[in-house]
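# Commentary on secondary and tertiary structure
Read off the chains here:
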Amino acid sequence: MRKGKGRTSRIRRRKLCRSSEPRGVNESHKSEFIELRKWLKARKFQDSNLVPACFPGTGRGLMSQTSLQEGQMIISLPESCLLTTDTVIRSYLGAYITKWKPPPSPLLALCTFLVSEKHAGDRSLWKPYLEILPKAYTCPVCLEPEVVNLLPKSLKAKAEEQRAHVQEFFASSRDFFSSLQPLFVEAVDSIFSYSALLWAWCTVNTRAVYLRPRQRECLSAEPDTCALAPYLDLLNHSPRVQVKAAFNEETHSYEIRTTSRWRKHEEVFICYGPHDNQRLFLEYGFVSVHNPHACVYVSREILVKYLPSRDKQMDKKISILKDHGYIENLTFGWDGPSWRLLTALKLLCLEAEKFTCWKKVLLGEVISDTNEKTSLDIAQKICYYFMEETNAMLQKVSHMKDEKEALINQLTLVESLWTEELKILRASAKTLHSLQTAFT
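This structure is a prediction, so every number in the text was calculated from the model and none was measured. (Residues numbered from 1 in each chain as written. Predicted model: local features only at pLDDT ≥ 70, side-chain atom pairs only at ≥ 80, totals over all residues. Heavy atoms only, no water.)

### Some thoughts on the packing of aromatic side chains
The line we're drawing: Between 30 and 60 degrees the pair is tilted, below 30 it is stacked and above 60 it is edge-to-face, where a pair is any two Phe, Tyr or Trp rings, Trp via its six-membered ring, whose centres lie within 6.5 Å. Each helix is a run of H or I in the DSSP string that is no shorter than four residues. Each strand is a run of E no shorter than two, and both are numbered from the N terminus. Under the scheme applied here, a residue whose accessible area is under 20% of the maximum for its type counts as buried, over 50% as exposed, and between as partly exposed, the area being computed with a 1.4 Å probe on protein chains only.
Inspection of the entire model under this criterion finds 17 aromatic pairs. A centroid spacing of 6.3 Å and a plane angle of 90 degrees characterise the contact between F113 and W126, whose relative ring orientation is edge-to-face. With F113 in helix α5 (residues 106-120) and W126 in the loop between α5 and α6 (127-130), the pair connects residues that are 13 residues apart, well separated along the chain. For F113, a relative accessible area of 3% translates into the label buried. Since its relative accessible area comes to 5%, W126 is described here as buried. For the pair Y306 and Y385, a centre-to-centre distance of 6.5 Å together with 65 degrees between the ring planes defines the contact as edge-to-face. On the criterion of sequence distance, the pair formed by Y306 in the loop between α12 (300-303) and α13 (314-323) and Y385 in helix α16 (residues 369-403) is long-range, its members being 79 residues apart. A network of ring pairs unites the aromatic residues W100, F176, F177, F184 and F192 as a single cluster.

Structural data, given as C-alpha cells:
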C-alpha cells in the first residue's frame, strides 16, 4: 500500500479538513442574548437547536447545537414574539394612529413604534430585542454620497431612488410625528429625526418576515405584510440553501423548516430569495460571495456601443427589443452571457437582407454562422469593456481606502461587490472564448 493512501490517512485528512473549516464562536453567554432568551421564554418561545454565534465572513448568526435533518423544524416563533402592526395598534400609539387622517401606512406605524421604543430605553418592553438590533446599516441609503458614486451605474441609480424615497417618507411623516407630542417630554423633532427614522426604515426593510396581507381600517391601503421576528432574524442568508418559512395559523407561530442537513456547530442559513448581489446590496446591505445568482447588467447604451453606427435599421431593432422586453435584464453570469443578452445581440447584428427574420431570432433559431459569430464577438468586446471598467473602479476604491479611513467599512463592501463582478466577467470571457472556437 502506498504511503498516505490507507484508511488511517483518509480519516486523518477528513479530520484536518473539518478542523480547517471556519467555526463560529458561541455568544449565548453575552448579557444581551441572556436577556433576549429570558424575554422570549416569557413569551412562550422554546428552542434548543440554535444558539447565537459569531462566524468569520458572515458575522453574527445562529449555530446548530445538534445535527439537523432535512425537513426538521429549526425555529418556531410564537405570535406573541412578533412585532406587527397589531402590536403597534394595541400600544400607546394606537389612539393616535386611529384618529390620524389620512391613515398612516403600515410601514410608518412600525417605524414610529421602533423609534419610540428605542427612545424609551430601559422603559421599553421591547428593550431585549432592540438591544441586539444593528446600531447602523450598510444599505446604499445609509452610505456616504462619495461611496455611492463608486457603485455600478444601475445600482447607483437605484440607490439614489431609494434615498429620495426615504427622504420623502420622512418629510411626509413629520406632521404625524408632531401629533405624538403629548406622549413625550422632549420635542418630537429631536426624537423622530431623519437619522432615527432611517434606522427604523432599514430595520424593517432588512429584517422583516412576510405575513399574509391584512387590512386595518386605521391604516392605509398599502400591503400590511411585514413582521419583525426577534431571534429568528439572526439567521443569515445563503443562496445555496432552501427553507420552508411561513406563519402557521394552527400553532399561531412563524415556523421555519430546513430542506438541508446541518452538522453540529455549523452556521444555519435561510435564503431571502434568488437575488443577485446588486439586489442584496440595495435591500440588505451585504454581498454574497460566489452567489450563483450574481450577474453583471448590460445597459442599453453599452449594448449598442460596439455596433455599427451606420446601421439604418438600428432604431427599428431597438424598438423591437423594447416591445418584446429584451432591452432590460441583459446580463453576464457565471456561465457566460445570458440567453437574453445573446438574443438581443443577434437581433441587433442582423444584416439588412435578413432583417425580416427577426421573429425567428427571438424564438431562438439560428439565422447564420455569420450572425452567430458577430454577436459573440460583440459580446466579448462588451465583456472586456466591463472588465477594464471594473479593474479601474477597484483601483479607485483601493486608493480611497488609503485616504478615507473613516469610510473603510463602506468602501470594503463596495470593493467586495466589484470583486465579485470581476470574477463573473472573467468566467464569462472564458465561456465566450470557448463558444468562438466553434467558428474558427
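### A word on the packing of α13 against helix α14 (residues 339-348)
Rule in force here: Axes here refer to lines fitted to C-alpha atoms; in helices the fit is confined to the stretch in contact. Angles between the N-to-C directions go from 0 to 180 degrees. Orientation categories follow fixed angle ranges, with anything under 35 degrees roughly parallel, anything over 145 roughly antiparallel, 65 to 115 roughly perpendicular, and all other angles oblique. A clockwise turn of the near helix away from the far one marks a right-handed crossing, whereas an anticlockwise turn of less than a right angle marks a left-handed crossing. Contacts were defined at the residue level, with two residues in contact if any of their heavy atoms lie within 4.5 Å. Each residue is assigned to one of three groups, with Ala, Val, Leu, Ile, Met, Phe, Trp, Tyr, Cys and Pro labelled nonpolar, Asp, Glu, Lys and Arg labelled charged, and all others, Gly among them, labelled polar.
Closest axis-to-axis distance for the α13/α14 pair is 9 Å, and the angle between their directions is 150 degrees. On the basis of the axis angle, α13 is roughly antiparallel to α14. As α13 runs across α14, the sense of the crossing is right-handed. Counted together, M314, K317, I318, I320 and L321 of α13 and A344, L347 and L348 of α14 form the full contact between these two elements. Looking at the contact of α13 with α14, its residues break down into 7 nonpolar, no polar and 1 charged.

### Observations regarding the UniProt feature "domain: SET" (unreviewed entry) in the protein chain
The condition is simple: UniProt positions are given in the numbering used here, feature names are shortened, and annotations may be inferred rather than shown by experiment.
UniProt's entry tags residues 48-273 with the feature "domain: SET" (unreviewed entry), counted in the numbering of this structure. From the first C-alpha to the last, residues 48-273 spans 26 Å; its make-up is 35% helix and 20% strand.

### As for the confidence of the model for the protein chain
Formally: Every residue gets a pLDDT, meaning the predictor's confidence in that residue, from 0 to 100.
Scored by pLDDT, the protein chain comes out at a mean of 92, with 95% of its residues at no less than 70. Note that residues 1-5 has pLDDT below 50 and, in this model, 4 contacts with residues that lie over four places away or in other chains. Note that residues 7-21 has pLDDT below 50 and, in this model, 5 contacts with residues that lie over four places away or in other chains.

### Things to note about the layout of surface pockets
Counted only if it meets this: Here a cavity denotes a set of grid points, spaced 1 Å apart and computed over the protein atoms alone, in which a 1.4 Å probe fits but from which it cannot get out, and a pocket denotes an open set meeting protein on both sides within 12 Å along at least five of seven lines; residues with an atom within 4 Å of a point are reported as lining. Grid points are joined across faces, edges and corners, and a volume is the space filled by probe spheres set on the points.
If you add up the space inside the second largest pocket, you get close to 630 Å³. Of all the elements in the fold, those that place two or more residues in the lining of the second largest pocket are α8 (153-178), α11 (277-284), β11 (296-297), α12, α16 and α17 (408-436). Of all the elements, α16 adds the most residues to the lining of the second largest pocket, at 5 residues.

### A few points about the sheet that holds strand β12 (residues 331-333)
What counts here: Any two strands between which DSSP finds at least two bridges are classified as paired.
Spatially, the 3 strands line up as an open sheet ordered β11-β12-β13, and their pairing is antiparallel. The strands lining the two open edges of the sheet, one partner per strand, are β11 and β13 (336-337). The pairing of β11 with β12 spans 2 bridges and is classified as antiparallel. Pairing of Y297 across the sheet is with T331, part of β12.

### Thoughts on the sheet that holds strand β1 (residues 25-26)
Taken in spatial order, the 5 strands line up as β1-β2-β3-β10-β7 in an open sheet, and their pairing is mixed. Strands at the two margins of the open sheet, each flanked by one partner only, are β1 and β7 (236-237). Pairing between strand β2 (residues 50-55) and strand β3 (residues 59-64): 6 bridges, direction antiparallel. Within the sheet, the bridge partner assigned to F55 lies in β3 and is G59.

### Remarks on empty space enclosed by the protein
Per the counting criterion, the structure on display carries 1 cavity of 30 Å³ or more. Put simply, the largest cavity is a space of about 30 Å³. Along the walls of the largest cavity sit D276, N277, Q278, A294, C295, L417, E420 and E421, which together make up its complete lining. Ranked by residues supplied to the lining of the largest cavity, first place goes to α17 with 3 residues.

### Brief notes about the pattern of salt bridges
Keep this limit in mind: Just to be clear on terms, a salt bridge is a Lys or Arg side-chain nitrogen sitting within 4 Å of an Asp or Glu carboxyl oxygen.
On inspection of all chains with the given rule, the structure shows 16 salt bridges. A salt bridge links R60 to E27; the nearest nitrogen and oxygen atoms lie 3.1 Å apart. Separated by 33 residues along the polypeptide, R60 in strand β3 and E27 in the loop between β1 and α2 (31-42) bring together distant segments of the chain. A relative accessible area of 8% means that E27 is categorised as buried. Across the pair E146 and K404 runs a salt bridge whose closest N-O atoms are separated by 3.6 Å. Here E146 is found in helix α7 (residues 145-148), whereas its partner K404 is found in the loop between α16 and α17, with 258 residues between them in sequence. The exposure class of K404 is partly exposed, given its relative accessible area of 33%.

### Focus on the packing of α8 against α11
Relative orientation of the contacting elements α8 and α11 amounts to 20 degrees, with a least axis distance of 11 Å. On the basis of their axis angle, the class for α8 and α11 is roughly parallel. For the pair α8 and α11, the crossing hand works out as right-handed. In contact with S154, L155, K158, A159 and Q162 of α8, α11 contributes Q278, F281, L282 and E283. Here the residues of the contact of α8 with α11 sort into 4 nonpolar, 3 polar and 2 charged.

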